[in-house]
Amino acid sequence: MTTSNLTPFWRIVFKQAWFAYCADSMPIGCAIFDEDEILVSVGRNSIYDNWGTNPVQLHQLGHAEINALLKVSKHKYPNLASFTMFCSLEPCVMCIGAFAMSRIKKNLQYASADLVAGGKDLLKHSNYIEEKGLNVYGPDKKFQFLQIALLVEFVQHKRPGEVNVLFPQWRQTDSAAVDLGIRWFRDGSLIKLKKGYIAKDMSYDEIFDELFRNKC
């Protein structure tokens, strides 16, 4: 997997995060690419919705990584070990474990660190996972802000009771991104983009570029 210019890969990953947001679920996305950098699987968070064809929906285990991993297997893809998984958010303990057991042995890339539920440290404390020799890279600060800002905006709508718990931890990761997410919530700009996308007045590429233009 070439790492000199990751923008095209992240654009695909955040498209899944955007789909999740538009379906009123956690804006987190995931994509898996083969050794030739061809997209083979995508997944998005579907904890709060049953829109689409995700393997796990309306269930607390409906994480983006799980939905992406369940679509690939060594039986269908003999070269699975050389695949790479991209995640918009550092995978949680469950998803790190699922990745380790998926037979993908090359790379895992994540855009944003997750001080709330991130499972990267499990790599240091599990002999089973450590022996897998996994390559895990992240965060990618060029895109980290986008994941944090999306989560901050979303939580204010869906889980306002958790704001005082989550925001301080996310501020440790990217304080400016938290401020951006709060601004998106207060001025309704992200909701406007969502309405424009659903009404087909805007394409996803226009949405993606607009989100970056609004960066603090």
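Residues numbered from 1 in each chain as written. Predicted model: local features only at pLDDT ≥ 70, side-chain atom pairs only at ≥ 80, totals over all residues. Heavy atoms only, no water.

I would appreciate a short explanation of the side chain of Glu65 in the present structure.
The residue Glu65 is located in helix H2 (residues 64-69) in this model. An unpaired buried charge is present at Glu65: no salt bridge exists, and Arg44, the closest side chain of opposite charge, is 12 Å distant. Ignoring sequence-local partners within four residues, the contact set of Glu65 consists of Cys30, Met85, Cys87, Leu89, Pro91 and Cys95. (Helix = DSSP H or I, 4+ residues; strand = E, 2+ residues; numbered from the N terminus. Buried < 20%, exposed > 50% of the residue type's maximum accessible area, 1.4 Å probe, protein only. Lys, Arg positive; Asp, Glu negative; His and termini not counted. Salt bridge = Lys/Arg side-chain N within 4 Å of Asp/Glu carboxyl O. Contact = heavy atoms within 4.5 Å.)

Can you walk me through unusual backbone geometry in this structure?
In most cases, non-glycine residues show a negative phi, while peptide bonds are predominantly trans. Here Gly138 and Pro139 are connected by a cis peptide whose omega angle stands at 0 degrees. Relative to the helices and strands, Pro139 resides in the loop between strand E5 (135-137) and helix H6 (141-158). Unlike most non-glycine residues, Glu37 shows phi in positive territory, near 65 degrees. Within the element layout of this structure, Glu37 appears in the loop between strand E1 (29-33) and strand E2 (39-44). Positive phi outside glycine occurs at Arg103, with the angle close to 80 degrees. As for its placement among the helices and strands, Arg103 is situated in the loop between helix H3 (93-101) and strand E4 (107-112). The class of Arg103 is partly exposed, set by a relative accessible area of 41%.

Keep in mind that these numbers describe shape and distance, not what the molecule does.
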